[in-house]
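Chain by chain, the residues run as shown.
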Amino acid sequence: MDVNGTVAEGFEPVREAFVRNFETLGERGASVAVYRNGQQVVDLWAGTKDIDGTTPWEHGTAQVVRSATKGIAAAVLLLLHQRGQLDLDAPVGHYWPEFKARGKERVLVRHVLNHRAGLPVLDHPLTPEQALDPLRGPAAVATQALAWEPGTDHGYHALTYGWMLDELVRRVTGQGAGEWLAAQITGPLGLDLWLGLPDSEAHRVGRAGRVEGPEPTGGLHARPKRSVTEAYEDPASLTRRAFAAITPFPEQNDPAYRAAALPATNAIATADGLARFYATLIGDTAGASRLFTPETVELARAEESAGPDRVLVVGTRFGLGYMLHGSASPFLAPGSFGHPGRGGALGFADPESEIAFGYVTNGFRKTVTADPRAQGLVRAVRQSLGR
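Note that the coordinates shown come from a computational prediction; the quantities given were computed from them, not determined experimentally.

(A) Molecular detail of helix H2 (residues 69-82). If you check H2, its first and last C-alpha atoms are 20 Å apart, about what 14 residues at 1.5 Å a residue would give, namely 20 Å. Among the 14 residues in H2, 12 count as buried, and that is most of the element. Those residues of H2 that fall on the buried side of the exposure criterion are Thr69, Lys70, Gly71, Ile72, Ala73, Ala74, Ala75, Val76, Leu77, Leu78, Leu79 and Leu80.

(B) Broad picture of unusual backbone geometry. The peptide bond linking Thr247 to Pro248 adopts the cis configuration, its omega dihedral lying at -10 degrees. Structurally, Pro248 is set in the loop between helix H10 (238-243) and helix H11 (255-259). Here the phi dihedral of Asn37 falls at roughly 55 degrees; this positive angle occurs in a residue that is not glycine. Within the chain, Arg102 stands out as a residue other than glycine whose phi angle is a positive 60 degrees. For Arg102, the location among the structural elements is in the loop between helix H3 (92-95) and helix H4 (109-114). By relative accessible area, which is 54% here, Arg102 ends up exposed.

(C) Molecular detail of the pairing of strand E2 (residues 29-36). Most of E2 sits inside the fold, with 7 of its 8 residues counted as buried. Both E2 and strand E3 (residues 39-47) contribute to a ladder of 8 bridges, which runs antiparallel. Along E3, the bridge assignment pairs Ala33 with Asp43. The antiparallel pairing of E2 with E3 creates a hairpin that spans 2 residues between the two strands, and Asn37 there sits at a positive phi of about 55 degrees. Bridge count between E2 and strand E13 (residues 355-361): 7 bridges; the pairing is antiparallel. Residue pairing in the sheet places Ala33 in a bridge with Gly358 of E13.

(D) Looking closely at the pattern of salt bridges. The full count for this structure, using the stated rule, is 18 salt bridges. The closest approach of N and O atoms between Arg110 and Glu304, which form a salt bridge, is 2.7 Å. Note that Arg110 is positioned in helix H4 and Glu304 in the loop between helix H13 (294-301) and strand E8 (305-308), a separation of 194 residues in sequence. Because the salt bridges share partners, they merge into one network encompassing Glu98, Asp166, Glu167, Arg170 and Arg171.

(E) Structural context of the packing of aromatic side chains. Under the counting rule described, the total for this entry stands at 12 aromatic pairs. Here the aromatic rings of Phe18 and Phe22 are separated by 5.4 Å at their centres, their planes lie at 80 degrees, and the arrangement is edge-to-face. Taken together, the positions of Phe18 and Phe22, both in helix H1 (residues 12-24) and 4 residues apart, correspond to about one turn of that helix. Exposure class is identical for Phe18 and Phe22. Each is buried. Between Phe277 and Tyr278 the ring centres are 5.4 Å apart and the planes differ by 90 degrees, which places this aromatic pair in the edge-to-face class. Cluster of aromatic residues (ring-pair linked, three or more members): Tyr156, Tyr232, Phe243 and Phe318. Taking the ring centre of Phe99 as reference, the NZ or CZ of Lys104 above it sits at 5.2 Å.

(F) Structural detail: the packing of H2 against helix H7 (residues 160-173). In the contact formed by H2 and H7, the axes pass within 11 Å of each other and the chain directions differ by 30 degrees. By the angle between their directions, the pair H2 and H7 is classed as roughly parallel. Our pair here, H2 against H7, has a crossing hand that is left-handed. Residues Lys70, Ala73, Ala74, Val76, Leu77 and Leu80 of H2 form the contact with H7, whose participating residues are Tyr161, Leu165, Leu168, Val169, Val172 and Thr173. In the contact of H2 with H7, the residues fall into 10 nonpolar, 1 polar and 1 charged.

What counts, and where the lines are drawn
- Residues numbered from 1 in each chain as written.
- Predicted model: local features only at pLDDT ≥ 70, side-chain atom pairs only at ≥ 80, totals over all residues.
- Heavy atoms only, no water.
- Helix = DSSP H or I, 4+ residues; strand = E, 2+ residues; numbered from the N terminus.
- Expected span 1.5 Å × (residues − 1).
- Buried < 20%, exposed > 50% of the residue type's maximum accessible area, 1.4 Å probe, protein only.
- Pairing = 2+ DSSP bridges.
- Salt bridge = Lys/Arg side-chain N within 4 Å of Asp/Glu carboxyl O.
- Phe/Tyr/Trp six-rings, centres within 6.5 Å; stacked < 30°, edge-to-face > 60°.
- Lys NZ or Arg CZ within 6 Å of the ring centre and 35° of its normal.
- Axes fitted to C-alpha atoms, helices over the stretch in contact; angles between N-to-C directions.
- Parallel < 35°, antiparallel > 145°, perpendicular 65-115°, else oblique.
- Left-handed = near helix turned anticlockwise from the far one by under 90°.
- Contact = heavy atoms within 4.5 Å.
- Nonpolar A, V, L, I, M, F, W, Y, C, P; charged D, E, K, R; others polar.

Here it is, written out as structure tokens:
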């Protein structure tokens, strides 16, 4: 396997794990980046740019990261809170009056981020065309009834998370989350990360698709327990309905989908862009001061929701906008926070070790959270740190 890039001394296990992903786990094209103390220590890429092509993956090739988008978008709300523009304990309806309809007056901004809003589904799913309209998703959520009393339980808001977050940002700033992210974070920092891909960067994005590989052994994997399988198969379950809030789901290689901004699902990034984003949340990086204060880091990773998830039907842990280290989504250590993308991608930060991690791939697998390729790389980082 022709692997390109560099690893700092001591991080050779990450390169070895990256090679194994291609040799034994069906990887077609991918990249991984790791920062420590604000400095890049791993930058690797290999394979083909397109899942079904022969053009080599290059330095700077980007991919859609699916639900790893949620951790990127969460930073927008937390930074607005940090700057005094948004109160996490205010009702959503304070900023977005139309949202109060059908008994939703008690949904707090905090509930949007910790998946306790009680709004994981739409009774009337959106078409792909409707979903790409930045006004249609929020309007649908505003008229939706609650599935449970806000704050009393948690369940993964797979798609509605993005519409609620996007509209809150728009009501507070006048910009959608993707616009604000570009103006305030990714543009000034020069990150290869977009929520709403500009035409000028479209040539860098590889074509993604499904790949098969050996059976995973952890997390929400291809052979889940019976209750999880039944939940995904039952059209009336919260699980099935949450993931069907857009029906059918858009073709993720469609230029129109990539150009739209869906803060739950369609950010596009390089591994370096994703890793450096997390590195800058927790510390200074080259030419940039940290984005999160220590207090905001604690907000991101303090446990807000834990236990049986009403949508994913397994135990999950969430802070404010971020998944937390646990059996369903293992990160580096108990203090880590981040977000996986269904089928492969992963980004997270670990403040104690000052590690930030980004992995992107063009090969989506059946995994929901703990993809074995990403997990092998995380274990290699842990080994490199002597843990």
